[in-house]
Amino acid sequence: MRIATLTSGGDCPGLNAVIRGAVRTASGAGATVVGYQDGWQGLLEDRRVQLYDDENIDRILRRGGTILGTGRLHPDDFRAGIDRVKANLADAGIDALIAIGGEGTLKGAQWLHENGVPVVGVPKTIDNDVNGTDATFGFDTAVAVATDAIDRLHTTAESHNRVMIVETMGRHVGWIALHAGMAGGAHDILIPEFPFDIEDVCKKMARRFQMGEKYGIIVVAEGAVPREGTLEMPERQVDRYGHEKLENMGQTIANEIHRRLDTDVRATVLGHIQRGGTPTAYDRVLATRFAVHATRSALRGEFGVVVALHGEEIQRISFPEAVGTLKRVPEGRYTTAQALFG
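Residues numbered from 1 in each chain as written. Predicted model: local features only at pLDDT ≥ 70, side-chain atom pairs only at ≥ 80, totals over all residues. Heavy atoms only, no water.

1. Side note on the overall build of the chain
From N to C terminus, the chain includes 13 helices and 13 strands. Based on the C-alpha atoms only, the size of the chain along its principal axes is roughly 70 × 40 × 30 Å. Long-range contacts, defined here as pairs at least 24 residues apart, represent 74% of the contacts in the chain between residues at least 6 apart. When the accessible area of the chain is evaluated, it comes to approximately 14,600 Å², of which 45% is carbon and sulfur surface. Across the chain, the mean location of the 38 positive side-chain charges is 3 Å away from that of the 45 negative side-chain charges. (Helix = DSSP H or I, 4+ residues; strand = E, 2+ residues; numbered from the N terminus. Contact = heavy atoms within 4.5 Å. Areas by Shrake-Rupley, 256 points an atom, 1.4 Å probe, with all protein chains shown as cover. Lys, Arg positive; Asp, Glu negative; His and termini not counted. Charge placed at Lys NZ, Arg CZ, Asp CG, Glu CD.)

See the structure below:
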């Protein structure tokens, strides 16, 4: 059997662990694995490399990023290339495709499955927003990086009597901000699921200083939104992929707190450092488990499924269960964190 794999969308710690796991699992069953470079674009352009179960593949477990490269492709371009995709897979003698990616990638994989391509999906995203799985690999690493940054900002904020705004990734969901904020002892956390009132944020910080505290830490997801009528924001533009172009929310909040409280406020945008670097042990293990189960599904001819973590077990769910709805922070999780604010 000949299996193909690719990584698409944003890069993520743990992708190489999936590639390694797929290659080694397939090799143990007498199958081979081909990797397509740069995501769906590489599949369209038939840019593939043979992946061997050797010392090189073994060593990638510890590396961040992806040895296959990744990228984004407009859905219209992808749909227009279906015949080319099928022809490329047939020419390469591919019996199954393992698509590794987030919600957008899994939507593309679902569409291929509906058009007769044998596909198995592996969910990844640092945002932890793929529905139907308790966790995605990459999230734990991103939270660890963000928490370390918050820990470091505590000391400099206290030294200078400042309010520090820490902006994390999280366009549509606030899992990274919520977990890193709780782990890092933030005094307020603002996430997209629950619009904030800037007046309430300022009151929390003012109360801290009135009570003799010297500083404050506020963690803000990049996609956080103010409650309607509470903070004037420019209209958001949309890029060619349908993603909103996010304004610098962390700096906007910093400017407003400074204006209202006349105190020293600084904003730190963590950005892509949350995506990079060595994956944590948890992410390596989860990514490897996903890889083994996805490859076994392909070997058994079980297609149209996505591997997912349910409790302690890796199970298989359908594409409709994984895509279409993002996994958002529920109200109960946020109210738990709110008990610690201020």
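2. As for the pattern of salt bridges
For the structure on display, the rule yields 20 salt bridges. The partner of R59 in a salt bridge is E55, and the shortest N-O contact between them spans 3.8 Å. Of the two residues, R59 and E55 both sit in helix α3 (residues 55–59), four residues apart, roughly one turn of that helix. A residue is classified by how much of its surface remains accessible, and R59, at 45% relative accessible area, is partly exposed. Residue E55 is classed as exposed on the basis of its relative accessible area of 52%. Its salt-bridge partner being R300, residue E302 comes within 3.2 Å of it at the nearest N-O pair. For E302, a relative accessible area of 30% corresponds to the partly exposed category. One connected set of salt bridges, linked through shared partners, spans R20, R24, D53 and D58. (Salt bridge = Lys/Arg side-chain N within 4 Å of Asp/Glu carboxyl O. Buried < 20%, exposed > 50% of the residue type's maximum accessible area, 1.4 Å probe, protein only.)

3. Comments concerning the packing of helix α9 (residues 198–210) against helix α10 (residues 249–261)
α10 packs onto α9 with a crossing angle of 60° between their chain directions and a minimal axis gap of 10 Å. Looking at the two axes, α9 sits oblique to α10. The hand of the α9/α10 crossing is right-handed. Side by side, α9 and α10 meet where I198, E199, V201, C202, M205 and A206 of the first sit next to I253, E256, I257, R260 and L261 of the second. Classifying every residue of the contact of α9 with α10 gives eight nonpolar, no polar and three charged. (Axes fitted to C-alpha atoms, helices over the stretch in contact; angles between N-to-C directions. Parallel < 35°, antiparallel > 145°, perpendicular 65-115°, else oblique. Left-handed = near helix turned anticlockwise from the far one by under 90°. Nonpolar A, V, L, I, M, F, W, Y, C, P; charged D, E, K, R; others polar.)

4. Description of the domain arrangement of the chain
Partitioning the chain into domains gives domain 1 (2–127 + 279–324) and domain 2 (139–276). For domain 1 and domain 2, the distance between their C-alpha centres works out to 34 Å. Contact residues are listed per partner, giving 15 residues for domain 1 and 16 residues for domain 2. Counting the surface lost from both domain 1 and domain 2, the interface buries some 1,300 Å², and carbon and sulfur atoms represent 52% of this. When the area that domain 1 buries against domain 2 is broken down by residue, the three leading residues are R72, I126 and D127, summing to 46%. Viewed at the interface, domain 2 and domain 1 are joined by zero salt bridges. Taken together, the links from domain 1 to domain 2 amount to four residue pairs in polar contact (both at pLDDT 80 or more). In terms of residue class, the side of domain 1 that touches domain 2 is made up of six nonpolar, four polar and five charged. (Domains from an automatic or database assignment. Buried area = accessible area lost by both parts, 1.4 Å probe. Polar contact = N/O pair within 3.5 Å; in protein donor to acceptor, adjacent residues only side chain to side chain.)

5. Some words on the packing of aromatic side chains
Each aromatic ring pair is specified by the distance between its two centres and by the angle formed by the two planes. Tallied over the entire structure, the rule returns five aromatic pairs. Between F137 and F290 the ring centres are 6.3 Å apart and the planes differ by 65°, which places this aromatic pair in the edge-to-face class. Of this pair, F137 sits in the loop between β5 (119–123) and α7 (139–160) while F290 sits in helix α11 (residues 281–300), placing them 153 residues apart in sequence. Side by side, F137 and F290 carry an identical accessibility label, which is buried. Clustering of aromatic rings is evident, with ring pairs tying together W40, F78 and W111. Geometry around Y215 places R208 over its ring, the cationic atom sitting 5.5 Å from the centre. (Phe/Tyr/Trp six-rings, centres within 6.5 Å; stacked < 30°, edge-to-face > 60°. Lys NZ or Arg CZ within 6 Å of the ring centre and 35° of its normal.)

6. Regarding the pairing of strand β8 (residues 216–221)
Burial of β8 is extensive: six of the six residues sit out of reach of the surface. By the alternation rule, side chains of β8 split into G216, I218 and V220 and I217, V219 and A221, which are all buried. One ladder, built from six bridges, connects strand β6 (residues 163–168) with β8; its direction is parallel. Residue V163 lies in a different strand from β8, and its bridge partner there is G216. Here strand β7 (residues 188–190) runs beside β8; their pairing, made up of three bridges, is parallel. (Pairing = 2+ DSSP bridges.)

7. Topic: the sheet that holds strand β1 (residues 2–7)
Reading across from one edge, β3-β2-β1-β4-β5-β12-β13 is the order of the seven strands in this open sheet, with mixed pairing throughout. Bordering the open sheet on either side are β3 (48–51) and β13 (313–318), each of which pairs with just one other strand. With strand direction ignored, the average angle separating the axes of adjacent strands in the sheet is 30°. In this structure, strand β4 (residues 96–101) lies alongside β5, joined through five bridges in parallel fashion. Pairing of G101 across the sheet is with P123, part of β5.

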